[in-house]
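# Close look at the chain arrangement
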Amino acid sequence: MENYRYYLKRYIDTQDESALYQAEQLSKLYIQNKISPEEIINKHIQALKDLFPHLPKEIDLSMNFLLETMISYGLAYQEHQSMRKQQLSLRSEMELAANMQQTLLLTETPNIKGLDIGAVSVPAKQLNGDYYHFSTDKNGRFGVAIADVIGKGMPAALAMSMIKYSVDSFSDHHPKPSSLLEKLNRVVENNVEPGMFITMLYGLYNPITEKFMYATAGHEPGFFYDATKNEFTEIEGRGLVLGVSDDTTYQEYELALQDGDIIFLLTDGVTECRIGDRFIERQEVLEVIKHYMHLPAQTLVEKVYKHFERLQEFQLRDDFTLIMIRKQV
Amino acid sequence: MNLDIKTTEIGASHYIVSLFGEIDAYTAPQLKDTLLSLIEKQGQLIEVDLQQVNYMDSTGLGVFISALKSTKENGGEVRLIHLQERVRRLFTITGLDSVITIDSTVRGGN
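Remember, predicted model here, so these are calculated numbers, not experimental data. (Residues numbered from 1 in each chain as written. Chains lettered and ligands numbered in written order. Predicted model: local features only at pLDDT ≥ 70, side-chain atom pairs only at ≥ 80, totals over all residues. Heavy atoms only, no water.)

Now for the overall build of chain A. Scanning chain A for helices and strands turns up nine helices and 12 strands. The C-alpha radius of gyration computed for chain A amounts to 33 Å, which surpasses the reference 20 Å derived for 329 residues by more than 25%, pointing to a less compact arrangement than a globule. With the C-alpha coordinates aligned to their principal axes, the bounding extent of chain A is approximately 105 × 45 × 40 Å. Taking all 329 residues of chain A together, the buried fraction comes to 47%. For chain A, long-range pairs separated by at least 24 residues make up 70% of all intrachain contacts whose partners lie at least 6 apart in sequence. A total accessible area of about 17900 Å² is found for chain A, and carbon and sulfur atoms account for 53% of it. Here chain A contributes 33 positively and 47 negatively charged side chains, and the mean placements of these two sets differ by 3 Å. (Helix = DSSP H or I, 4+ residues; strand = E, 2+ residues; numbered from the N terminus. Rg over C-alpha atoms; globule rule 2.2 N^0.38 Å. Buried < 20%, exposed > 50% of the residue type's maximum accessible area, 1.4 Å probe, protein only. Contact = heavy atoms within 4.5 Å. Areas by Shrake-Rupley, 256 points an atom, 1.4 Å probe, with all protein chains shown as cover. Lys, Arg positive; Asp, Glu negative; His and termini not counted. Charge placed at Lys NZ, Arg CZ, Asp CG, Glu CD.)

Here we come to the nonpolar core. Grouped together as the largest cluster of nonpolar side chains are 35 residues, with contacts concentrated most on F64, L80 and F91 of chain B. Those elements that place two or more of their residues in this core are β2 (14-23), α1 (28-39), β3 (45-56), α2 (58-74), β4 (77-81) and α3 (85-93) of chain B. In this view, F91 of chain B contacts M56, L61, F64, L80, L83, L96, D97, I100 and I102 of chain B; residues no more than four positions away in its chain are not counted. Among the nonpolar cores identified, the runner-up in size contains 26 residues, and M160, F170, M200 and L242 of chain A belong to it. (Core = buried A, V, L, I, M, F, W, Y, C linked by side-chain atoms within 4.5 Å.)

Residue and element names in this part refer to chain A. A rise of 1.5 Å per residue sets the reference length of helix α1 (residues 2-14), with its 13 residues, at 18 Å; its end C-alpha atoms lie 18 Å apart and thus fit the reference within 8%. What α1 keeps buried is the set Y4, Y7 and L8. End-on, the buried residues of α1 take up no more than an arc of 105 degrees, which puts them together on one face. Counted as exposed and oriented over 90 degrees from the buried face of α1: E2 and D13. Contact partners of the buried residues in α1: α2 (17-32) and α3 (37-51). Of the residues trailing α1, Q15 is marked for its positive phi of about 50 degrees. (Expected span 1.5 Å × (residues − 1). Arc of directions from axis to C-beta.)

For the rest of this paragraph, the subject is the confidence of the model for chain B. Mean pLDDT for chain B: 89, with 93% of residues reaching 70 or above. By mean pLDDT, α3 of chain B is the weakest element of chain B at 90, and β4 of chain B is the strongest at 95. (pLDDT = per-residue confidence, 0-100.)

What follows concerns the pattern of salt bridges. According to the stated counting rule, one finds 16 salt bridges over all chains in the structure shown. One salt bridge connects E189 of chain A with K69 of chain B, and the closest N-O pair in it is separated by 3.8 Å. Of this pair, E189 of chain A sits in helix α6 (residues 177-191) while K69 of chain B sits in helix α2, which puts the two residues in different chains. Residue classification places K69 of chain B among the buried positions, given a relative accessible area of 14%. Salt bridges here are not isolated pairs; linked through shared partners, they connect E210, D259 and K327 of chain A. (Salt bridge = Lys/Arg side-chain N within 4 Å of Asp/Glu carboxyl O.)

Turning our eyes to something else, we now look at the packing of α1 of chain B against α2 of chain B. Packed helix pairs are specified by the crossing angle of their axes together with the interaxial distance, meaning the distance between the axes. Residues and elements named next belong to chain B. Between α1 and α2, the least distance of the axes is 10 Å, while the angle of their chain directions is 15 degrees. It follows that α1 is roughly parallel to α2 by the angle criterion. At the point where α1 passes α2, the crossing takes the right-handed sense. Residues A28, L31, K32, L35, L36 and I39 of α1 lie in contact with α2, whose contacting residues are T59, V63, F64, S66, A67, S70, T71 and N74. Partitioned by chemical class, the residues of the contact of α1 with α2 number eight nonpolar, five polar and one charged. (Axes fitted to C-alpha atoms, helices over the stretch in contact; angles between N-to-C directions. Parallel < 35°, antiparallel > 145°, perpendicular 65-115°, else oblique. Left-handed = near helix turned anticlockwise from the far one by under 90°. Nonpolar A, V, L, I, M, F, W, Y, C, P; charged D, E, K, R; others polar.)

With that settled, the discussion passes to the environment of L31 of chain B. Residue and element names in this part refer to chain B. With respect to the secondary-structure elements, L31 resides in helix α1. Measuring from C-alpha to C-alpha, the distance between L31 and I81 comes to 16 Å, with 50 residues separating the pair along the chain. Residues contacting L31, with those up to four places away along its chain left out, are L3, I5, L19, I23, V63 and F64.

Where strands meet in a sheet, backbone hydrogen bonds hold them as pairs that are either parallel or antiparallel. The strand order β2-β3-β4-β5-β8 (chain A) describes an open sheet built from five strands, whose pairing is antiparallel. Since the sheet does not close on itself, it has two edges, and those belong to β2 (130-136) and β8 (253-256) of chain A, each with one partner. Strand-to-strand twist in this sheet, taken as the mean axis angle between neighbours without regard to direction, amounts to 15 degrees. Note that strand β5 (residues 211-217) of chain A and β8 of chain A share four bridges and pair antiparallel. Residue pairing in the sheet places F212 of chain A in a bridge with L255 of chain A of β8 of chain A. Contacting β4 (197-206) and β5 of chain A, α6 of chain A crosses the sheet at an angle of about 155 degrees to β4 of chain A. In the packing of α2 of chain B onto the sheet, the strands contacted are β3 (142-150) and β4 of chain A, and the crossing angle to β4 of chain A comes to about 110 degrees. (Pairing = 2+ DSSP bridges.)

Turning next to α6 of chain A. Along its 15 residues, α6 of chain A runs 21 Å from first to last C-alpha, staying within 8% of the 21 Å computed at 1.5 Å per residue. Listed as buried for α6 of chain A are P177, S178, L180, L181, E182, L184, N185, V188 and E189 of chain A.

As a measure of interface size, the accessible area lost when the parts come together is often cited. Taken together, the contact between chain B and chain A spans 21 residues of the former and 21 residues of the latter. Note on chain B versus chain A: buried area summed over both sides is about 1800 Å², and carbon and sulfur give 53% of it. In terms of surface lost to chain A, no three residues of chain B exceed K69, R86 and I93 of chain B, which account for 29% of the buried area on that side. Inspection of the chain B/chain A interface yields six residue pairs in polar contact (both at pLDDT 80 or more). Listed by contribution, the elements that provide at least two residues to the side of chain B that touches chain A are α2 and α3 of chain B. (Buried area = accessible area lost by both parts, 1.4 Å probe. Polar contact = N/O pair within 3.5 Å; in protein donor to acceptor, adjacent residues only side chain to side chain.)

Residues and elements named next belong to chain A. In space, the five strands of this open sheet follow the order β1-β12-β9-β6-β7, with antiparallel pairing throughout. Edge strands, defined here as strands with exactly one partner in the open sheet, are β1 (115-122) and β7 (231-234). Going from strand to strand, the sheet's axes swing by 15 degrees on average, the running direction of each strand aside. Bridge count for strand β9 (residues 262-266) against strand β12 (residues 320-327) is five bridges, and the pairing is antiparallel. Its bridge partner being in β12, L266 is matched across the sheet by L322. Sheet contacts for helix α9 (residues 297-311): β1, β9 and β12; angle to β1, the most-contacted strand, approximately 30 degrees.

In structure tokens, the structure reads:
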């Protein structure tokens, strides 16, 4: 207080630059000691009154006016700061959640004799609503799950963890795909809010019979490439999405794989992507896939992803997941 | 994108909800409120006319699932009519056409 009055007086008397420099030093001190702007104004008023006891009444009143203004300003500013703080902490929580989700959902592409496997899954925002998982058992069977949680952001991410743990615990015993979906459907139905649902395909490849058994819960149909005929068809299969009705049953389907045959599994982020006002047609997705057919599985799926990312000017509107399983000698 | 919703009472406990525009994450809450408040009145037949809807995403499907679950609790029925091909495909793929009544007349095109 004394300092402020002293330097104020010195400046008024001499207009000395060094007094201004001291003012700057003082302001740093005030910030360190968390002195608010209105307190500084108050100091100023007190100092003025001490130095010039006979100030005109108008100046005196105007100082009160300034003080009130600064008090309101200070309150609003504090609120703004605390909202900013909250926002920052929310953002870092989101980042934590996203990192944790990535760790949770991490799945390694296994080495299966006779299969060339590739997978890419990219979230449109921080959290991914798509899920895929590979598993193997001691008999060499290979399980693949691909799912799309409808509903975005945090609730979807939480539902995803539920799916992951359920699939992990069910797939230990490698049940038939249809019964895995039936069990999972009951878990989902009991645990999600009404408007939320999950589409999923679960498949199991047996390297001895060379057959791919699968069941689908309303999942976007994938493509099957028949190498002998050099022909693509839609992977057939019907079933209700998970989470609608707890007594849903699922049908089992089967594909016999010959050398060179390929199974493509995807989520609707791939086929529902829009470029401006236009939709990507499934046919276009196939054309892009065909273009890269000569490449190894992992390279192929990455190239296809890059293609659509470029088309959408690197701003995915939906999560994008593409899996490819090629039977090879 | 916008969604206009027009509700017409055409008989005792019988409404037609006509939709114009797109059903996506932004417009879905509005549709959900409309449908759920009609279903709450118990034993209502609500026909949703989708003739003028050329785009619907999965959030839209979520709305119809909510509506379906609510009719199970409150009695009543939701029927979908005049679906465009692209919208209809969504109900077919997801198997929802097996639990929600969908008018078999297909209106073409985008």
